[in-house]
Amino acid sequence: MGKGHAWVLGATGQIGRVAVRALAEDGWKVTAASRAGGRDERWADEVRAVALDRDEEGALAAALGDGCDVLVDMVAYGEQHARQLTGLADRIGSAVVISSGAVYQDDRGRSFDTQGEPDGAPQYPLPIPETQTTVAPGAATYGTRKIRLERDLLAAGDALPVTLLRAGAIHGPYCRSPRELYFVKRLLDGRRRRVLAHNGASRFHPVHVSNIAELIRLAALRPGSRVLNAGDPTAPTVAEIASAIDGVLGLEAETVLVDGPPPAGHVGGTPWSSAHPIVYDMTAAEKELGYRPVTGYAESLPETVEWLAARLDGRDWRDAFPAMLRAYGEVLFDYSAEDAWLERYDRGV
């Protein structure tokens, strides 16, 4: 028996591809909306793909028609999108919206936004519960815009039941800024030594796309207004991630551990690096939705690494992953700086 009509915005993105498939396999009639209106080859034929620019005035309202039982939004961001969804509350049975762990701040007001400042790395209670304080709503940063989205959607109350998923470090195929690229490219380039700051002990809680899709599937079945963390069953250290990627590629690399922050510029810094661990509490999702993770980090890694290697094959990483370049810059693979520091390290300087 069908479960109703599910609308997915951002359907051909990293999470959307898997969420559409999970909902369709669970018995939902699914409309998959994206700017280009494309399809994933693993979707069932019954999935209806539509082209939609949700930022075009009136486009989403027109496309929804009589409405849907659940609307899943991968790309909602800030006050404008919150207003758009609440304005359609009479046509949406419930919503599931992707938010971010970037909204959290510690008891000294430090957050993802302060990471680059002296002593700016947040130090959260572990694991971080959904009740942890957050940054103030605003329009200045990713985190402030996400919390603005959350607050405005929750303010709709019973008019629009919404589950907000505060995602950790999202991983899996089709990621525009894949953190695993940091280690995969080094190994493929023949690099057999790596430097890891903070003794390689940094932990930034990952979440695989299939685990987010499972949370979406469960939330669609249990409408309600709530905020839930979204994470994998464990949060490996950056050194453990590096070792796991070595294993997938069948290669070995020596790890040089540095006590403290990067010793020279960005040498030893990675997309996971932080002075203090970031680990999310998944208890609420387990209790409220009956969530059980579909996969773990190490188990899901081979598919991600294979996809990354295929994307890099014969291409400059800047062309293959322009969003990664924008996020981290050229220093991400500054091998000359690494080699210069390692040469001094070997001489004991």
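Provided above is the structure to which this section pertains.
Everything in this summary refers to the structure shown in the same document. Along each chain, the written sequence defines residue order, and numbers are assigned to residues from 1. Restriction of local features to residues with pLDDT of at least 70 applies here, the model being predicted, together with a cutoff of 80 or more for giving and counting side-chain atom pairs; totals for whole chains, interfaces and linings are based on all residues. For side-chain calculations, the full set of non-hydrogen atoms in the structure is used, while hydrogens and water are omitted.

1. What about the overall build of the chain?
And step 1. Secondary structure assignment for the chain yields 12 helices and 11 strands.
And step 2. Within these notes, the globule rule equals 2.2 Å times the number of residues to the 0.38 power, and the radius of gyration is based on C-alpha atoms. For the chain, whose C-alpha radius of gyration is 21 Å, the value lies close to the compact-globule estimate of 20 Å for 349 residues.
And step 3. Projected onto its principal axes, the C-alpha coordinates of the chain cover approximately 70 × 45 × 35 Å.
And step 4. To sort residues, take the accessible area from a 1.4 Å probe on protein chains only and compare it with the maximum for the residue type: under 20% means buried, over 50% means exposed, and anything in between is partly exposed. Burial statistics for the chain: of 349 residues in total, 53% are counted as buried.
And step 5. Within the chain, residue pairs in contact and separated by at least 24 positions form 76% of the contacts whose partners lie at least 6 positions apart.
And step 6. Residues scored as charged are limited to Lys and Arg (positive) and Asp and Glu (negative), so that His and the chain ends carry no count. Where a charge lies is defined by one atom per residue type: Lys uses NZ, Arg uses CZ, Asp uses CG and Glu uses CD. Side-chain charges in the chain split into 38 positive and 48 negative, and the spacing between the mean points of these groups amounts to 1 Å. Only runs of H or I of at least four residues qualify as helices and only runs of E of at least two qualify as strands under DSSP, and these elements are numbered from the N terminus. Contact criterion: two residues are considered in contact whenever any of their non-hydrogen atoms come within 4.5 Å of each other.

2. A look at the side chain of His 5
And step 1. Examined against the element boundaries, His 5 turns out to sit in strand E1 (residues 5-9).
And step 2. When its relative accessible area of 15% is taken as the criterion, His 5 is described as buried.
And step 3. For His 5, the side chain forms a polar contact with the side chain of Thr 31, separated by 2.7 Å.
And step 4. Sequence-distant contacts of His 5, defined by excluding residues within four places in its chain, comprise Trp 28, Lys 29, Thr 31, Gly 67, Cys 68, Asp 69 and Val 70. Under the rule applied, a polar contact is a pair of N or O atoms within 3.5 Å (in protein, one hydrogen donor and one hydrogen acceptor; residues adjacent in sequence only if both atoms are side-chain atoms).

3. A word on the pattern of salt bridges
And step 1. Salt bridges are identified by distance alone: a Lys or Arg side-chain nitrogen within 4 Å of an Asp or Glu carboxyl oxygen. By the definition in use, this model includes 26 salt bridges.
And step 2. Close ionic contact of Asp 339 with Arg 191 constitutes a salt bridge, the shortest N to O distance being 2.9 Å. With a gap of 148 residues between them, Asp 339 in helix H12 (residues 335-346) and Arg 191 in the loop between helix H5 (181-188) and strand E8 (193-196) connect regions that are remote in the sequence.
And step 3. Overall, the relative accessible area of 14% leaves Arg 191 in the buried class.

4. Some details on the packing of aromatic side chains
And step 1. To pair, rings of Phe, Tyr and Trp, with the six-membered ring standing in for Trp, must have centres within 6.5 Å; the planes then decide the type, stacked if under 30 degrees apart, edge-to-face if over 60, and tilted in the middle. Here the structure, examined in full by the defined rule, presents 11 aromatic pairs.
And step 2. With a centroid separation of 5.7 Å and an interplanar angle of 45°, the aromatic rings of Tyr 174 and Trp 307 are classed as tilted. Of the two residues, Tyr 174 is situated in the loop between strand E7 (169-171) and H5 and Trp 307 in helix H9 (residues 297-312); the sequence distance between them amounts to 133 residues.
And step 3. For Tyr 174, a relative accessible area of 33% gives the class partly exposed.
And step 4. For Trp 307, a relative accessible area of 15% translates into the label buried.
And step 5. Relative to Tyr 335, the ring of Phe 333 lies with its centre 6.3 Å away and its plane at 75°, an arrangement referred to as edge-to-face. With respect to burial, Phe 333 and Tyr 335 carry one shared label: buried.
And step 6. Taken together, the ring pairs in this structure connect Tyr 182, Phe 183, Trp 272, Trp 317, Phe 333 and Tyr 335 into an aromatic cluster.
And step 7. For a ring to carry a charge above it, either NZ of a lysine or CZ of an arginine must fall within 6 Å of the ring centroid while also lying within 35 degrees of the normal to the ring plane. Above the ring of Tyr 335, the side-chain terminus of Arg 191 is found at 4.2 Å from the ring centroid.

5. Examining H9
The α-helix winds at 3.6 residues per turn, so residues separated by three or four positions along the chain end up facing the same way.
And step 1. The terminal C-alpha atoms of H9 lie 22 Å apart, and with 16 residues this matches the ideal 22 Å at 1.5 Å per residue to within 8%.
And step 2. Where H9 bends most, the angle comes to about 30°, and this point is Glu 303.
And step 3. For H9, every residue scored as buried is listed here: Tyr 297, Ser 300, Leu 301, Thr 304, Val 305, Trp 307, Leu 308 and Leu 312.
And step 4. Looking at the buried side of H9, the elements it contacts are E7, H5, strand E9 (206-208), helix H7 (238-249) and helix H10 (317-320).
And step 5. Gly 314 sits one or two residues past H9 and shows a positive phi near 75°. Helix span, expected: 1.5 Å multiplied by one less than the number of residues in the helix. By definition, a residue's bend is the angle between the axes fitted to the seven residues ending there and the seven starting there.

6. Looking at the sheet that holds strand E5 (residues 92-100)
And step 1. Only strands that DSSP links by at least two bridges are regarded as paired with each other. The parallel open sheet is built from 7 strands, whose spatial order is E3-E2-E1-E4-E5-E6-E10. The two strands at the open ends of the sheet, each matched to only one other strand, are strand E3 (48-51) and strand E10 (226-230). With direction set aside, neighbouring strand axes in the sheet form an average angle of 20°.
And step 2. Of the pairings in the sheet, the one linking strand E2 (residues 29-34) to E3 comprises 4 bridges and is parallel in character. Axis definition: a line fitted to C-alpha atoms, limited for helices to the stretch in contact. Angles are taken between N-to-C directions and run from 0 to 180 degrees.

7. Here we look at the packing of H7 against H9
And step 1. Relative to each other, H7 and H9 sit at 55°, their axes nearing to 10 Å. Judged by the inter-axis angle, H7 sits oblique to H9. Viewed along their axes, H7 and H9 form a crossing whose handedness is right-handed. Residue-level inspection shows Ile 241, Ala 244, Ile 245, Val 248 and Leu 249 of H7 in contact with H9, the latter providing Tyr 297, Leu 301, Pro 302 and Val 305.
And step 2. Think of it as three bins: nonpolar holds Ala, Val, Leu, Ile, Met, Phe, Trp, Tyr, Cys and Pro, charged holds Asp, Glu, Lys and Arg, and polar takes everything else, Gly as well. Class assignment of the residues belonging to the contact of H7 with H9 gives a composition of 9 nonpolar, no polar and no charged. Angle categories: roughly parallel below 35 degrees, roughly antiparallel above 145, roughly perpendicular from 65 to 115, and oblique for all the rest. Here a crossing is taken to be left-handed if its near helix is turned anticlockwise relative to the far helix by less than a right angle, and right-handed if that turn runs clockwise.

8. Here's the deal with the nonpolar core
Considering soluble globular proteins, one finds that nonpolar side chains tend to be buried as a cluster.
And step 1. Leu 23, Leu 165 and Ile 216 are the most contacted members of the largest nonpolar core, which totals 37 residues.
And step 2. Counting residues per element, this core draws most heavily on helix H6 (residues 209-221), which supplies 8 residues.
And step 3. In this text, buried Ala, Val, Leu, Ile, Met, Phe, Trp, Tyr and Cys residues form a nonpolar core when linked through side-chain atoms within 4.5 Å. One finds Leu 181, Phe 183, Leu 196 and Tyr 335 within the second-largest nonpolar core, a separate group that totals 31 residues.

9. Some details on the pairing of E1
Each regular strand shows side chains that alternate between the opposite faces of the sheet.
And step 1. Counted residue by residue, E1 has 5 buried out of 5 residues, so it is predominantly covered.
And step 2. A two-sided burial pattern is seen for E1, the buried positions comprising His 5, Trp 7 and Leu 9 on one face and Ala 6 and Val 8 on the other.
And step 3. Note on handedness: a clockwise path from strand one over the helix to strand two, with the strands aimed away from the viewer, defines a right-handed crossover. As a crossover connection, the stretch from E1 through helix H1 (residues 14-25) into E2 is right-handed.

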